[in-house]
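Here is how the chains run, residue by residue.
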Amino acid sequence: MSIIDGKMIAAQVKEQLRQEADSLKERGITPGLAVVLVGDDPASAIYVRNKEKACEELGLYAEKYTFPEDTSQEQLLELIDELNENPAIHGILVQLPLPEQIDEQAVIRAIHPEKDVDCFHPFNVGRVMIGNSTVKPCTPEGIIHLLEACGIEIDGKECVVVGRSNIVGKPMAMLLLHHNATVTICHSHTENLAEVCRRADILICAVGKAGLITEEMVKPGAVVVDVGMNRREDGKLCGDVDFQQVKEKASYITPVPGGVGPMTIVMLMKNTIEAAKAQLTQQEKKWIFSGNSGLSG
Ligand code: GUN
């Protein structure tokens, strides 16, 4: 059994991204990300801080906006309008969940699709479904990278995704399908969850329920990817998979923390760089990509 070291794989991708960001910066373009946090959810505050930190490490420009819990939808939409118009900002990320007085989908729709580095806008969701998107949703794309970095074949495999969220489950299934997997999505109404999970060559769990995936739900030799991020009573983080049990049965398994999480942030950085490249004017593109910039278009 191998434990997939998400931190190490993320560091390797980060290094490639740093080179790409440096190349752009030498030509006067600094990819910029605006991160918006509304309310005082402690987990969201940590995620947002980590995203800012990753920008600093790569030399990307970052702006952070913090709003109180009672912020109105109009206030938030006003900021998004400004950020849509701001040429220094190439990516806009509004941390979810939002307080209940704010319509999350309305906020997502307000972000210009070219600046939607989460890939949550319906336009980009549609492009992901078709398979021609420039950016891909961060967590699912990070998982594909992890599997590829470990040399794990996806083509033709039975993949079971547990969880049907818009952020992870649904786009994950779509990306696996584009890699020619046979994909099943399970959720809270699935009958015989254990039986379906046991079919999986690659089992991906994104529910948010500690201890959901036990040893008898895993086929011997399966690859197990744990997207869960749960806080135990003792304050420690754990995933959805009973790691101690399942690691004995799996061929590969991602730990929590240090598995999928670091890849999500790196993919956000990648999307910010891609967004900056996509937003260059025709003239800038001609100038940058015709030279020996080392960039790919
Ligand atoms: N909340 C949990 N995961 C995410 C994410 O990937 N992006 C945003 N914006 N909010 C989240």
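Just above sits the structure.
Residues numbered from 1 in each chain as written. Predicted model: local features only at pLDDT ≥ 70, side-chain atom pairs only at ≥ 80, totals over all residues. Heavy atoms only, no water.

Enquirer: How should I be thinking about the layout of surface pockets in this particular structure?
Expert: Where empty space is left becomes clear once a probe the size of a water molecule has been rolled over the atoms. The space that makes up the largest pocket amounts to roughly 1500 Å³. In terms of lining residues, the largest pocket is bounded by 50 residues, among which Tyr47, Thr139, Met229, Gly261 and Thr264 are the most central. Among the secondary structure elements, those contributing two or more residues to the lining of the largest pocket are helix H1 (6-26), helix H2 (42-58), strand E4 (91-94), helix H6 (138-149), strand E9 (230-231) and helix H10 (260-278). No other element matches the 9 residues that H2 contributes to the lining of the largest pocket. Its residues assigned to classes, the lining of the largest pocket shows 28 nonpolar, 12 polar and 10 charged. Surrounding the second largest pocket, 21 residues form its lining, Val125, Asn166, Ile167, Lys170 and Pro171 being those nearest its centre. When residues of the lining of the second largest pocket are traced back to their parent elements, those giving at least two are helix H4 (104-110), helix H5 (122-130), helix H7 (169-178) and strand E6 (182-186). At 5 residues, the largest contribution of residues to the lining of the second largest pocket is made by H7. (1 Å grid on protein atoms, 1.4 Å probe; cavity = no way out; pocket = protein on both sides within 12 Å on 5 of 7 lines; lining within 4 Å. Points joined across faces, edges and corners; volume = space filled by probe spheres on them. Helix = DSSP H or I, 4+ residues; strand = E, 2+ residues; numbered from the N terminus. Nonpolar A, V, L, I, M, F, W, Y, C, P; charged D, E, K, R; others polar.)

Enquirer: What should I look at first to understand the site of the ligand in this one?
Expert: All residues adjacent to the ligand are Lys51, Leu93, Val94, Gln95, Leu96, Asp118 and Phe120. Between a nitrogen atom of the ligand and a side-chain N or O atom of Gln95, the distance comes to 3.2 Å. Expressed as a share of its isolated accessible area of 280 Å², the protein-covered part of the ligand is 81%. Taking a 2 Å distance to the grid points as the criterion, the majority of the atoms of the ligand fall inside the largest pocket. Of the residues that constitute the shell around the ligand, the class distribution is 4 nonpolar, 1 polar and 2 charged. (Near = heavy atom within 4 Å. Polar contact = N/O pair within 3.5 Å; in protein donor to acceptor, adjacent residues only side chain to side chain. Areas by Shrake-Rupley, 256 points an atom, 1.4 Å probe, with all protein chains shown as cover. Sits in = over half its atoms within 2 Å of the grid points.)

Enquirer: Which parts of the structure should I look at to understand the pairing of strand E2 (residues 32-38)?
Expert: The side chains of a regular strand alternate between both faces of the sheet. Burial analysis of E2 places 7 of its 7 residues in the buried class, which makes it a mostly covered element. Between E2 and its parallel partner strand E3 (residues 61-67), the chain crosses via H2, and the hand of that crossover is right-handed. Relative to E4, E2 is paired through 4 bridges, and the arrangement is parallel. Across the sheet, the residue bridging to Val35 is Leu93, located in E4. (Buried < 20%, exposed > 50% of the residue type's maximum accessible area, 1.4 Å probe, protein only. Right-handed = clockwise from strand over helix to strand, strands pointing away. Pairing = 2+ DSSP bridges.)

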